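What follows is each chain in one-letter form.
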Amino acid sequence: MNEITETQHRILICVREWIAEHGEGPTIREIGQQVGLSSTSSTAYQLGKLEQHEMISRNARSWRSIRLC
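Residues numbered from 1 in each chain as written. Predicted model: local features only at pLDDT ≥ 70, side-chain atom pairs only at ≥ 80, totals over all residues. Heavy atoms only, no water.

Student: A description of the environment of Gln46 should follow, citing residues and the corresponding values.
Tutor: As for its position among the elements, Gln46 is in helix α3 (residues 40-52). For Gln46, a relative accessible area of 15% corresponds to the buried category. In the structure, Gln46 is positioned 39 residues away from Thr7 in sequence and 7.8 Å away in space, judged by C-alpha atoms. With residues near it in sequence (within four places) discarded, Gln46 still touches Thr5, Thr7, Gln8, Ile11 and Leu37. A distance of 3.0 Å separates a polar atom in the side chain of Gln46 from a polar atom in the side chain of Gln8. (Helix = DSSP H or I, 4+ residues; strand = E, 2+ residues; numbered from the N terminus. Buried < 20%, exposed > 50% of the residue type's maximum accessible area, 1.4 Å probe, protein only. Contact = heavy atoms within 4.5 Å. Polar contact = N/O pair within 3.5 Å; in protein donor to acceptor, adjacent residues only side chain to side chain.)

Here it is in structure tokens:
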């Protein structure tokens with residue numbers, strides 16, 4: 001398994017719990033609020049890293065398109 005940072009691990013947990021509770025993925029802003037990242041660009045960067053590790057997938061056309069792989 002690929003090594004991920006603590007922040008990326010918290011994001012994965014957030015996404016998993018959000019999908020379980022709401023039935024759809026969270027927005028970048030919602031993820032940032034949940035894991036304590038104040039910048040949406042920081043959150044997007046971390047999501048990009050998780051995508052590179054093939055742990056999530058995203059569709060740029062939808063705000064709530066984050067899915068666990």
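Student: How would you explain the layout of surface pockets if you had to name every residue and give the values?
Tutor: Empty space among the atoms can be located by rolling a probe the size of a water molecule over them. Roughly 160 Å³ of volume is contained in the largest pocket. Lining the largest pocket are Pro26, Thr27, Ile28, Arg58, Asn59, Ala60, Arg61, Ser62, Trp63, Ser65 and Ile66. In the lining of the largest pocket, the residues fall into 5 nonpolar, 4 polar and 2 charged. (1 Å grid on protein atoms, 1.4 Å probe; cavity = no way out; pocket = protein on both sides within 12 Å on 5 of 7 lines; lining within 4 Å. Points joined across faces, edges and corners; volume = space filled by probe spheres on them. Nonpolar A, V, L, I, M, F, W, Y, C, P; charged D, E, K, R; others polar.)

Take it as geometry only, folks, not as evidence of what the structure does.
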